[in-house]
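Structure at a glance
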Amino acid sequence: MQRTSGAAPGAVAGDLRITLVQRETVWHDPEANRAGIAADLAAHATPTDLIVLPETFTTGFSNEAVATAEAPDGPTRAWMHALARQHGAAVVGSLPVREADGVRNRLLFARPDGTDDRYDKRHLFRMAREHERYVAGRDALTVAWRGWRIRPLVCYDLRFPVFARNRAHPDGTLAYDLLLFVANWP
């Protein structure tokens, strides 16, 4: 993906190489899903800056996954950081995470240096009763990565354009350069 300078005040220049991972999900089996993704990436390794995994990539989109949700510092977070180090790229995707107040559909943006940012899905899919099992997030996230400002959101957030609107700062720069949605539409 390339963004050219001069497009707007503060616009970034340069390429952002993105690897999208889409594969059959092994239902409710985080270990098998992590292993499969790692194998796919190893088999098709190309230089990349950002590896994008689907929403709830460890379990599939399932309301039953709340029973086996991971702790915030669980094995998938550690795996994402190891994958980021191995590929020299950020890794982004969401998974069910258990906090004191309930389970969240949490997007992690993991960097090779071991740091990460998180975003909890704001708009829960009521038609599938997701709101009865998950706690909604509140705040949007903008991540700086390799000269790009990225706004990652999750699936049903797509239906709320006001929440995703790219607002201009007083100096005319926009809040983000890339709007990125991870989704799992069975």
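Relevant structure appears above.
Residues numbered from 1 in each chain as written. Predicted model: local features only at pLDDT ≥ 70, side-chain atom pairs only at ≥ 80, totals over all residues. Heavy atoms only, no water.

Backbone hydrogen bonds hold the strands of a sheet together, and the pairing may be parallel or antiparallel. Pairing is mixed in the open sheet, where five strands are placed in the order 3-4-5-6-7. The two strands at the open ends of the sheet, each matched to only one other strand, are strand 3 (18-20) and strand 7 (116-120). The sheet shows a mean angle of 30° between the axes of neighbouring strands, taken without regard to direction. Note: strand 4 (residues 50-52) against strand 5 (residues 90-99), three bridges, orientation parallel. When the sheet's bridge partners are listed, Ile51 is paired in strand 5 with Val91. Of the strands in this sheet, strand 4, strand 5, strand 6 (102-110) and strand 7 touch helix 2 (residues 75-87), which is tilted by about 170° from strand 5. (Pairing = 2+ DSSP bridges. Helix = DSSP H or I, 4+ residues; strand = E, 2+ residues; numbered from the N terminus. Axes fitted to C-alpha atoms, helices over the stretch in contact; angles between N-to-C directions. Contact = heavy atoms within 4.5 Å.)

If you trace the three strands from one edge of the open sheet to the other, you get 8-9-10, paired in mixed fashion. Where the open sheet ends on each side, the last strands, each with one partner, are strand 8 (143-145) and strand 10 (178-182). For this sheet the average axis-to-axis angle between neighbouring strands, irrespective of direction, equals 40°. Bridge count for strand 9 (residues 148-154) against strand 10 is five bridges, and the pairing is parallel. Residue pairing across strands places Val154 opposite Val182, the latter belonging to strand 10.

Turning our eyes to something else, we now look at the pairing of strand 9. In terms of residue burial, strand 9 counts as a mostly covered element, since six of its seven residues are buried. By the bridge criterion, three bridges tie strand 8 to strand 9 in an arrangement that is antiparallel. Bridge pairing in strand 9 places Val143 opposite Ile150. Between strand 8 and strand 9, which pair antiparallel one after the other, the connecting turn spans two residues, and Arg146 there sits at a positive phi close to 50°. (Buried < 20%, exposed > 50% of the residue type's maximum accessible area, 1.4 Å probe, protein only.)

Relative to the elements of secondary structure, Glu70 occurs in the loop between strand 4 and helix 2. Within the structure, Glu70 has its side chain in polar contact with the side chain of Arg34 (distance 3.4 Å). Among all residues touching Glu70, those that are not within four sequence positions of it are Pro30, Arg34, Pro75, Thr76, Arg77, Leu95, Pro96, Val97 and Arg98. (Polar contact = N/O pair within 3.5 Å; in protein donor to acceptor, adjacent residues only side chain to side chain.)

On to the pairing of strand 6, then. Most of strand 6 sits out of view: nine of its nine residues are buried. Taken together, the nine bridges between strand 5 and strand 6 define a ladder with antiparallel strand orientation. Among the inter-strand pairings, Leu95 is bridged to a residue of strand 6, identified as Arg106. With antiparallel pairing between neighbouring strands as the criterion, strand 5 and strand 6 make up a hairpin whose turn holds two residues. In this sheet, strand 7 lies alongside strand 6 in antiparallel orientation, the contact comprising five bridges. Within strand 7, the position partnered with Leu107 by the bridge is Tyr119. Counting the residues between successive antiparallel strands, the hairpin from strand 6 to strand 7 contains five residues, one of them, Gly114, with a positive phi of roughly 90°.

The quantities given are spatial measurements derived from coordinates; they are silent on function.
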